[in-house]
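An overview of the molecular structure
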Amino acid sequence: MNDTFPLRIYLMPVRVVFAVLIVFLAASAAMSQTAAGAAGASASGYGRAYEAAGGSAAAKQVQKKIGSVLKGAVGGGSAAKPRNAPKGSASRGRQMARPAPRTPSATTTYRPDPSIDVASTLADSIGSNAQEKEILHALFVTTKTAFDEEVAKKGRRNSVSAAFTFFIASASMVYHNSPEPSDEAVDALWNALDASFQEMPEFAEMSDMDKQQISDTLVALSGLMILGHPQYNPSLNAETQRGYREVAGNLIRTVLQTDPEKLRFGKDGLLVD
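Before going into details, it helps to say that this report is about the structure given with it.

The rules behind the values
- Residues numbered from 1 in each chain as written.
- Predicted model: local features only at pLDDT ≥ 70, side-chain atom pairs only at ≥ 80, totals over all residues.
- Heavy atoms only, no water.
- Helix = DSSP H or I, 4+ residues; strand = E, 2+ residues; numbered from the N terminus.
- Buried < 20%, exposed > 50% of the residue type's maximum accessible area, 1.4 Å probe, protein only.
- Contact = heavy atoms within 4.5 Å.
- Areas by Shrake-Rupley, 256 points an atom, 1.4 Å probe, with all protein chains shown as cover.
- Expected span 1.5 Å × (residues − 1).
- Salt bridge = Lys/Arg side-chain N within 4 Å of Asp/Glu carboxyl O.
- Axes fitted to C-alpha atoms, helices over the stretch in contact; angles between N-to-C directions.
- Parallel < 35°, antiparallel > 145°, perpendicular 65-115°, else oblique.
- Left-handed = near helix turned anticlockwise from the far one by under 90°.

Moving on, we come to the overall build of the protein. Counting its regular elements, the protein contains 11 helices and 3 strands. The helix and strand sequence of the protein, counted from the amino end, reads α-α-α-α-β-α-α-α-α-α-α-α-β-β. Across the 273 residues of the protein, 53% fall into the buried class. Intrachain contacts of the protein at a sequence separation of at least 6 include 78% that bridge at least 24 residues. Entry remark: accessible area of the protein is about 11,600 Å², with carbon and sulfur atoms responsible for 52%.

Turning to unusual backbone geometry, a few remarks are in order. Not every positive phi belongs to a glycine, and Asn177 is a case in point at roughly 50 degrees. Along the chain, the position of Asn177 falls in the loop between helix H7 (160-176) and helix H8 (183-198). Unusually for a residue other than glycine, Gln257 sits at a positive phi of about 55 degrees. Secondary-structure assignment places Gln257 in the loop between helix H11 (238-255) and strand S2 (263-266).

A few words on the environment of Gln63. With respect to the element layout, Gln63 can be found in helix H4 (residues 57-74). Of the residues examined, Gln63 reaches a relative accessible area of 8% and is grouped as buried. The spatial distance from the C-alpha of Gln63 to the C-alpha of Ala53 is 9.4 Å, given a sequence separation of 10 residues. Residues in contact with Gln63, not counting those within four places in the same chain, are Tyr50, Glu51, Ala53, Gly54, Ile214 and Gln257.

Here the focus is H7. For H7, built from 17 residues, the straight-helix expectation of 24 Å at 1.5 Å per residue is met to within 8% by its first-to-last C-alpha distance of 24 Å. With 16 of 17 residues buried, H7 is to be regarded as a mostly interior element. Immediately beyond the C-terminal end of H7, within one or two residues, lies Asn177, with a positive phi of roughly 50 degrees.

On to the pattern of salt bridges. Under the definition given, this model contains 5 salt bridges. One salt bridge connects Asp216 with Lys144, and the closest N-O pair in it is separated by 2.7 Å. Residue Asp216 is located in helix H10 (residues 208-226), and its partner Lys144 is located in helix H6 (residues 130-153); the two are separated by 72 residues in the primary sequence. Neither Asp216 nor Lys144 differs from the other in exposure class; each is buried. Counted as one network, the salt bridges with shared partners bring together Lys144, Asp148, Arg157 and Asp216.

At a minimum axis distance of 9 Å, the contact between H7 and H10 shows a crossing angle of 25 degrees. With respect to their mutual orientation, H7 and H10 come out roughly parallel. Handedness of the H7/H10 crossing: left-handed. Seen from H7, the contacting residues are Val160, Ala163, Phe164, Phe166, Phe167, Ser170, Ala171, Met173 and Val174; seen from H10, they are Lys211, Ile214, Ser215, Leu218, Val219, Leu221, Ser222, Met225 and Ile226.

Put into structure tokens, the structure is as follows:
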């Protein structure tokens, strides 16, 4: 059985439904500004929406520490110790190893509650009118459905680590206008994050609701960002693409607590300088 965890597993089915949503976006100037993440209040609002996810003290501690967790995982500690580190990698910043695929732990997965509607909550908090909220809600539901269906095929559904991996890859691609990272790089990132989260006492204390809210928010924001990648939305103009890039940069700073210029995928995996 192939247990690889490629980003394209998510993007291929999603890109079809995005084509439908883009028609609505193009028809609405106000919606284009919101979904494209124009500079200022809209961009920072996405970060605030993420910060509102997961209300417990444990969840807030996990959110607060995610930057150091990411750097630790990528830095080759116990979570991602390289088997054969490439020569000269020390001068290229922290770099992902390529561990074998693993099964998500009980600590990093959750039992979903169908009554939790992150798509509606997030759309209401970001959209400024009924039309914007409706289209954003459709986008978030579409992304979440495709994400869940494809992750389920790999036996990795309801995994917080999977949501973070999708988010990191999406944000990096849109900010740097880069192609999809390799299957090995995405697999290594997922494995490293899962192992790092298992070592966090605060993560073990989080409720299923906390994990679901954080995961669903990350997946929804990933779908929003991916709309700004020319590979999946070739009709983008330069100004709109800059708006999406600003959203990706703001979310990297807010969620991952990292300089977006220093987070990128190279040929050997994720780099965090």
